Amino acid sequence: MQKPLSNARKGDLCRIIRFKDTQSKTETMRFGLSAGETVKCIANVGPIIVGKNLITIAVGRNLAEKIYVECE
Amino acid sequence: MSLFGCPCRGTCKDCMLGCANVRKPEKNDLKIVLAGNPNVGKSVLFNALSGFYTEISNFPGTTVDISRANTEFGELIDTPGAYSLGNYSDDEIVTREILKSADIVVNVAGALTLERDLFLTQQLIDIGFPLILVVNQVDEARKNGVRIDCDLLQEDLGIRVIPCVATEKKGIAELTAALYEKDAHISNKIIPAVKEIRNTGNITESLLNVLDAEAKDCETKDKIYSQRKEIVIELSKKAVKHCGKNFDILSIIGELLLNPFIGGIAALGLLYLLFQILGVFIAGDVVDFIFNKLDSVYVPIITKIVGKIVVFPLLNQILAGEFGILTMSVKIVFGVLLPLISAFYLFMALLEDSGYLPRLAVLADNVLNKIGLNGRAVIPLILGFGCGALGTITTRILGSRKERTIATAILGVTIPCAAQQGIITALLAAIGGFKVWLLYIFIIFVFIVLTGTVLNKLLKGQATDLLIDLPPIRIPLFKNIVEKTFFRVWNFLAEAIPLFIISSVMISILNFAGFLKWLQQALAPIVVNLLHLPAQFSDVFVMGLIRRDFASVGLLGMAGLENSARTLSDLQILTASIVVTLFVPCIAALIVIFKERGIKEAVILWAGTFMISVAAGAIVTRTMGFLFS
Ligand SMILES: Nc1nc2c(ncn2[C@@H]2O[C@H](COP(=O)(O)OP(=O)(O)OP(=O)(O)O)[C@@H](O)[C@H]2O)c(=O)[nH]1
Ligand SMILES: [Mg+2]
């Protein structure tokens, strides 16, 4: 089921499905995240910290609300 | 060197020590620009290639201005890191501007983050720069079970690719050779969306064309970005092999620091450590020892010598009087400031190189959101504790004008710099220990929140969203720590000594002419009635106009830490510390504020801080008496 990344829990593996607007999409893309990729939620402490291979990025809560993911 | 030293702290051509060469580049010199994502090691590479020095730290956004050096193969230029070349933050704009005139671009990518970093590489290819790709930090990649096929990258990208470990000088020889041979090529592996718009003849035009296209509307930008991303994902699938990760204690620490509880305890622990080092060990033991030696051995000798040679009374006063250059200045700079500053900068260097700051940014994000900033602002604010000028320049990494203004104001109003911190910690350690110091920190914190809240309400716009790369926790490199501390201390002295001399002369003359006495009377309503401090405290104001740490120095004498009679009570010391902390930015910081934010903001800020400092002092002296009764 789709949900915003801001609702992800620590340990979740989240597949990025889509973005709410193109601005958030291009902004996250240059940081290395794009639709179709799977990231691991390392922590959710306000900002969401996600990891992909060896890249670790902190995503602010507002932005995370615009990123829709499917988690397992 | 400029009069005030250089607020860039060793990154521009005016600096001491020739940290950047002053030789004018020859006409036919090639401009070689190092460009790449933040924190991939561009500055390490710059230092290794040129033999010059620019600052290196383990967080994104260390370099915020360009550094230049002349080398045998051309003029080498270090740039602020950028994830892409659109209009995002001021430091990325600096990079874009310098790229306009680049002849060769050395694109530095991190081996750990290659999948992301190649996005910028593709943009540089699309624009049409003659390019060399350096894949740096391959040692860390190998440790983490990542193998990168540089031959394949080279073939697929159509440019020279060189693996490096910049910190161990591996790969530097290959890169130097490639630069000598101008082994940089314009790749034709461009994405379809920019094929028609790129100009093959002229780089500047091509750069503008491509960036214009990206900025035109969201759809075009989306199309271009998506095509780029697609190529990059494809390529990194082929060239980057993950072979399982080893167990790594540092990455576990990195994860733990993101836990609010553990992170909070770690922050408190660091504060306590800082207090023990600065307030107890350095201020208590080291300064005491050096200061006493200077006072009992050096001062009597120099006073006698000057007394013999210089008979003219004013000159005698200037050289060896109460505020004399050879007496007070030497005692303060070498006896008090030098030890405190060195210890503080060493502590900061360790913090900066560990990778702790971006993690602190994550934890502070919630609080900072409430005052119109995001977590990223932690970086300029913490750097501001070292030096306000450095902190102010670093506000360039913030995403919007509003955020930059708020952060600059907080730096100008509240954050004490290293020298001031040192002295105030020493004072507060003497009157009440860690408890009173914590209270002092708390009061500063309150003013940070107040300043931020008010400005957040007044200024239009919203804080941009936090998006920050968390680099791996690294064990600080000994060489880098020593080098950084040395250069910062050196720059501090270069800045402080001339100003100290000027202000010594000025104050001696003013004192001689009876002006200080007059000023004491004139300011008495504020100093005596409002702040409950002795009239003599107005001298501190005068010194504080020039540098805030001088103001703190003035306090030292009145607090009896300078082998002089103590004239202040405990409460007065706390009040005075708060006033001095919140007092107007020093001249060096003011110049940077003026340059970065314009005259209007600089003037408002200056006047505002003066009033805030007096108001805060008046409140503290009326409410905190219970602490010392
Ligand atoms: N292990 C390892 N660490 C490296 C290497 N190169 C750089 N580093 C570390 O990476 C961090 C960043 O280095 P900098 O040179 O400051 O990076 P930068 O690209 O200039 O960063 P910005 O100025 O923020 O854009 C520092 O902690 C370096 O010690 C390398 O080859 N191997
Ligand atoms: Mg740098």
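What you are looking at is a predicted structure, and each value in this text was computed from that prediction instead of being measured.

Caption draft 1: View of the overall build of chain A. A count of helical and extended segments in chain A gives two helices and six strands. Along chain A, from the amino end to the carboxyl end, the secondary structure elements read β-β-α-β-β-β-α-β. Here chain A has a C-alpha radius of gyration of 10 Å; the compact-globule value for 72 residues is 11 Å, and the two agree. Taking the contacts inside chain A whose residues are at least 6 apart along the sequence as the reference set, 56% of them involve residues at least 24 apart.

Caption draft 2: Quick look at the coordination of the magnesium ion (ligand 2). All names here are of chain B. Note on the magnesium ion (ligand 2): its protein donors are Ser 43 (OG) and Thr 63 (OG1). The metal-donor distances range over 1.9 to 2.0 Å. Placement of the pair is Ser 43 in helix H1 (residues 42-50) and Thr 63 in the loop between H1 and strand E2 (67-71), with a sequence separation of 20 residues. With a relative accessible area of 10%, Thr 63 lands in the buried category.

Caption draft 3: Representation of the environment of Ile444(B) in the model. All names here are of chain B. Locating Ile 444 in the fold gives a position in helix H17 (residues 418-458). Ile 444 sits in the buried class, given a relative accessible area of 6%. It is 7.4 Å that separates the C-alpha atoms of Ile 444 and Ile 415, two residues lying 29 residues apart in sequence. Apart from residues lying up to four places away in sequence, Ile 444 is in contact with Thr 414, Pro 416 and Thr 581.

Caption draft 4: Local environment of the side chain of Thr609(B). The residue Thr609(B) is located in helix H25 (residues 599-623) in this model. Apart from residues no more than four positions distant in its own chain, Thr609(B) is found in contact with Gly412(B), Val413(B), Leu582(B), Val584(B) and Pro585(B).

Caption draft 5: Quick look at the site of ligand 1. Residue and element names in this part refer to chain B. Around ligand 1, 25 residues are found, and the nearest of them are Lys 42, Ser 43, Gly 61, Thr 62 and Thr 63. Between ligand 1 and Gly 61 there is a distance of 2.8 Å, counted from an oxygen atom to a backbone nitrogen or oxygen. Ala 166 places a main-chain nitrogen or oxygen 2.9 Å from an oxygen atom of ligand 1. Bound to the protein, ligand 1 loses 95% of the 660 Å² it would expose on its own. Elements represented by at least two residues in the shell around ligand 1 include exactly H1 and helix H4 (138-143). When grouped by side-chain class, the residues that make up the shell around ligand 1 number nine nonpolar, 12 polar and four charged.

Caption draft 6: Quick peek at the environment of Leu13(A). All names here are of chain A. If you trace the backbone, Leu 13 turns up in strand E2 (residues 13-19). For the pair Leu 13 and Cys 41, spaced 28 residues apart in the sequence, the C-alpha separation amounts to 6.4 Å. Those residues in contact with Leu 13, other than ones at most four positions away along the chain, are Thr 38, Val 39, Lys 40, Glu 70, Cys 71 and Glu 72.

Caption draft 7: Representation of the domain arrangement of chain B. All names here are of chain B. Splitting chain B by domain gives domain 1 (13-242) and domain 2 (260-628). Between the C-alpha centres of domain 1 and domain 2 the distance comes to 38 Å. With 25 residues of domain 1 in contact, the opposing surface of domain 2 contributes 31 residues. Taking both partners together, domain 1 and domain 2 bury about 2,300 Å²; carbon and sulfur atoms supply 55% of that area. Where domain 1 touches domain 2, the interface holds five salt bridges. Salt-bridge contacts for Glu 140 lead to Arg 474; the nearest nitrogen and oxygen are separated by 2.7 Å. On the surface where domain 1 and domain 2 come into contact, there are 14 residue pairs in polar contact (both at pLDDT 80 or more).

Caption draft 8: View of a nonpolar patch on the surface. All names here are of chain B. Taken together, Phe 247, Ile 249, Ile 252, Ile 253, Leu 256, Phe 261, Ile 262 and Ile 265 make up a surface patch of nonpolar side chains, about 800 Å² in accessible area. For the nonpolar patch, the secondary-structure elements that each account for two or more residues are helix H9 (249-256) and helix H10 (260-309). In terms of residues, the nonpolar patch owes the most to one element, H9, which gives four residues. Checked against the element boundaries, Ile 249 lands in helix H9.

Caption draft 9: Layout of the pairing of strand E5 (residues 55-59) of chain A. Within E5(A), five of the five residues are buried, which leaves it mostly tucked inside the rest of the structure. Burial along E5(A) is two-sided: the face carrying Ile55(A), Ile57(A) and Val59(A) and the face carrying Thr56(A) and Ala58(A) are both buried. Summarising the sheet, strand E4 (residues 48-52) of chain A and E5(A) pair through five bridges and their orientation is antiparallel. Looking across to E5(A), one finds that Val50(A) is bridged to Ile57(A). Joining the antiparallel neighbours E4(A) and E5(A) is a turn of two residues, in which Asn53(A) adopts a positive phi near 50°. Here three bridges tie E5(A) to strand E9 (residues 467-469) of chain B, and the two strands are oriented antiparallel to one another. Within E9(B), the residue paired with Val59(A) across the bridge is Leu467(B).

Caption draft 10: Expanded view of unusual backbone geometry. All names here are of chain B. At Lys 169, a residue that is not glycine, the phi angle is positive and equals roughly 60°. Checked against the element boundaries, Lys 169 lands in the loop between strand E7 (160-163) and helix H6 (172-180). One non-glycine residue, Lys 182, adopts positive backbone phi at about 50°. The residue Lys 182 is located in the loop between H6 and helix H7 (203-216) in this model.

Caption draft 11: Spotlight on the interface of chain B and chain A. Contacts between chain B and chain A engage 34 residues on the former and 29 residues on the latter. Interface area for chain B against chain A, summed over the two sides, is near 2,900 Å², with a carbon-plus-sulfur share of 65%. One can count three salt bridges joining chain B with chain A. In this assembly, chain B and chain A are joined by nine residue pairs in polar contact (both at pLDDT 80 or more). Contributions of two or more residues to the side of chain B that touches chain A are made by helix H3 (114-127), helix H8 (218-239), helix H13 (356-370) and E9 of chain B. Ranked by the residues each element gives to the side of chain B that touches chain A, the list is headed by H8(B), at seven residues. Of the residues in the side of chain B that touches chain A, the class split is 16 nonpolar, six polar and 12 charged.

Parameters at a glance
- Per chain, residues are indexed from 1 in the order of the written sequence.
- The lettering of chains begins at A and the numbering of ligands begins at 1, in the order of writing.
- In view of the model being predicted, local features appear only for residues whose pLDDT reaches at least 70, and side-chain atom pairs are presented and counted only at 80 or more, with totals across whole chains, interfaces and linings using the full set of residues.
- With hydrogens and water excluded, all non-hydrogen atoms of the structure serve as input to the side-chain values.
- A run of H or I in DSSP counts as a helix once it spans at least four residues, and a run of E counts as a strand once it spans at least two, with each numbered from the N terminus.
- Radius of gyration here is computed from C-alpha atoms only, and the compact-globule reference equals 2.2 Å multiplied by the residue count raised to the power 0.38.
- By definition in these notes, contact holds between two residues if any of their heavy atoms fall within 4.5 Å.
- Sites may look incomplete, because water is not among the atoms used; the donor set itself consists of N, O and S atoms within 2.8 Å of the metal (3.2 Å for Na, K and Ca).
- Each residue gets one of three labels from its accessible area relative to the maximum for its type: buried under 20%, exposed over 50%, partly exposed in between, using a 1.4 Å probe on protein chains only.
- One heavy atom within 4 Å of a molecule or strand is enough for the residue carrying it to be called near that molecule or strand.
- Polar contact is the term for a pair of N or O atoms within 3.5 Å; when the atoms are in protein, one must be able to donate a hydrogen and the other to accept it, and sequence-neighboring residues count only if both atoms are side-chain atoms.
- Throughout, the Shrake-Rupley method with a 1.4 Å probe supplies accessible areas, and for residues the shown protein chains are the sole cover considered.
- Side-chain classes follow a simple rule in which Ala, Val, Leu, Ile, Met, Phe, Trp, Tyr, Cys and Pro form the nonpolar group, Asp, Glu, Lys and Arg form the charged group, and the remainder, Gly included, forms the polar group.
- The split of the chain into domains comes from an automatic or database domain assignment.
- Here the quantity called buried area is the total loss of accessible area, with a 1.4 Å probe, experienced by two parts when brought into contact, counted for both.
- The rule for a salt bridge is simple: a side-chain nitrogen of Lys or Arg has to be within 4 Å of a carboxyl oxygen of Asp or Glu.
- Every patch collects residues that have over 30% relative accessible area and no salt bridge, joining them within 9 Å if they carry like charges and within 5 Å if they are nonpolar side chains (Val, Leu, Ile, Met, Phe, Trp, Tyr).
- DSSP-based pairing: two strands are paired if at least 2 bridges between them are found.

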